[in-house]
Amino acid sequence: KHMGKVEMLNHYLGRRAVPLPLRIKVRKFMEVVWDAEGGVDELDSLHAVSRSLRRELVLHNTYELLRSVPFLSGAPQGFYSSLGQYMVPETFLEGDNIMLEGEVGQEMFILERGVVDV
């Protein structure tokens, strides 16, 4: 499945005549995502199971991370479960801009690994 995504991406990059430095950055991103996910598409996997199992899996996957956020600590487990349903894992490369000054934020980011400059 990963190779299919890579092939589609390479085709897209070629059709759009994306400059080589940006192509290299995109390919690096794909490698990082592959390594981080272990070759498994988490969202596809979660949608392959029942809603009840998905709720349990999401709580298992997000509970410790959400509990570690100071202003969320001490919330009831149901809150973590509900909030976890809205979480979408996202990967950024070193040097990526998560947001730019002046942009209106519509998401909340919880950093699992790494360092950001604000």
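The shown structure was predicted, so the numbers you read here are calculated from the model rather than taken from an experiment.

A.B. asks: How should the packing of aromatic side chains be read in this particular structure?
C.D. replies: By convention here, two paired aromatic rings are described through the distance between centres and the angle between planes. Per the counting criterion, the structure on display carries three aromatic pairs. A centroid spacing of 5.3 Å and a plane angle of 90 degrees characterise the contact between Tyr63 and Tyr80, whose relative ring orientation is edge-to-face. In this pair, Tyr63 sits in helix α4 (residues 51-67) while Tyr80 sits in helix α5 (residues 77-84), placing the two residues 17 residues apart along the sequence. Under the relative-accessibility criterion, Tyr80 is labelled buried at 1%.

A.B. asks: Please clarify how the pattern of salt bridges should be interpreted in this entry.
C.D. replies: Between side chains of opposite charge, pairing is possible as soon as their charged atoms come close. Per the stated rule, a full pass over the model turns up two salt bridges. Lys25 is the salt-bridge partner of Asp96, the closest N and O atoms lying 3.3 Å from each other. Of the two residues, Asp96 is situated in the segment after α5 and Lys25 in helix α2 (residues 20-37); the sequence distance between them amounts to 71 residues.

A.B. asks: For this particular structure, what's the right way to read the side chain of Thr62?
C.D. replies: Here Thr62 lies in helix α4. Discounting chain neighbours no more than four positions away, the residues touching Thr62 are Tyr80, Gly84 and Met87.

A.B. asks: Is there a simple way to explain the nonpolar core in this structure?
C.D. replies: Buried together is how nonpolar side chains tend to be arranged in soluble globular proteins. Core analysis: the biggest nonpolar cluster contains five residues, these being Leu59, Leu66, Val69, Leu72 and Tyr80. Beyond its immediate chain neighbours, meaning those up to four positions away, Leu72 contacts Leu66, Phe79, Tyr80, Leu83 and Ile110.

A.B. asks: Looking at this structure, how should I read the side chain of Ser81?
C.D. replies: Mapped onto the fold, Ser81 is located in helix α5. You can call Ser81 buried: its relative accessible area is 12%. The contact partners of Ser81, leaving out residues within four places of it in the chain, are Arg55 and Leu59.

A.B. asks: What should I look at first to understand unusual backbone geometry in this one?
C.D. replies: Residues other than glycine predominantly adopt negative phi, and peptide bonds predominantly adopt the trans conformation. At Ala17, a residue that is not glycine, the phi angle is positive and equals roughly 50 degrees. For Ala17, the location among the structural elements is in the loop between α1 (2-15) and α2.

A.B. asks: In this structure, what is going on with α5? I would like to understand it.
C.D. replies: Owing to its 3.6 residues per turn, the α-helix brings residues three or four apart onto one side. Where α5 is concerned, the buried positions are Tyr80, Ser81 and Gly84. Taken down its axis, α5 places every buried residue within 100 degrees of arc, on the same side. Buried-residue contacts for α5 involve α4.

A.B. asks: Help me understand the environment of Gln77 in this model?
C.D. replies: If you trace the backbone, Gln77 turns up in helix α5. When its relative accessible area of 49% is taken as the criterion, Gln77 is described as partly exposed. It is 10 Å that separates the C-alpha atoms of Gln77 and Leu66, two residues lying eleven residues apart in sequence.

A.B. asks: Help me understand α4, please; the structure alone is not making it clear to me.
C.D. replies: Relative to the 24 Å expected for 17 residues at 1.5 Å per residue, α4 spans 23 Å between its end C-alpha atoms, a close match to the ideal helical length. The largest bend in α4 comes to about 40 degrees, at Asn61. Of the residues making up α4, those classed as buried are Arg54, Val58, Leu59, Thr62, Leu65 and Leu66. Residues of α4 that are buried sit in contact with α3 (42-46) and α5.

Parameters and conventions
Residues numbered from 1 in each chain as written. Predicted model: local features only at pLDDT ≥ 70, side-chain atom pairs only at ≥ 80, totals over all residues. Heavy atoms only, no water. Phe/Tyr/Trp six-rings, centres within 6.5 Å; stacked < 30°, edge-to-face > 60°. Helix = DSSP H or I, 4+ residues; strand = E, 2+ residues; numbered from the N terminus. Buried < 20%, exposed > 50% of the residue type's maximum accessible area, 1.4 Å probe, protein only. Salt bridge = Lys/Arg side-chain N within 4 Å of Asp/Glu carboxyl O. Contact = heavy atoms within 4.5 Å. Core = buried A, V, L, I, M, F, W, Y, C linked by side-chain atoms within 4.5 Å. Arc of directions from axis to C-beta. Expected span 1.5 Å × (residues − 1). Bend = angle between axes of the 7 residues up to and from the residue.

Just geometry here; none of it tells us what the structure is for.
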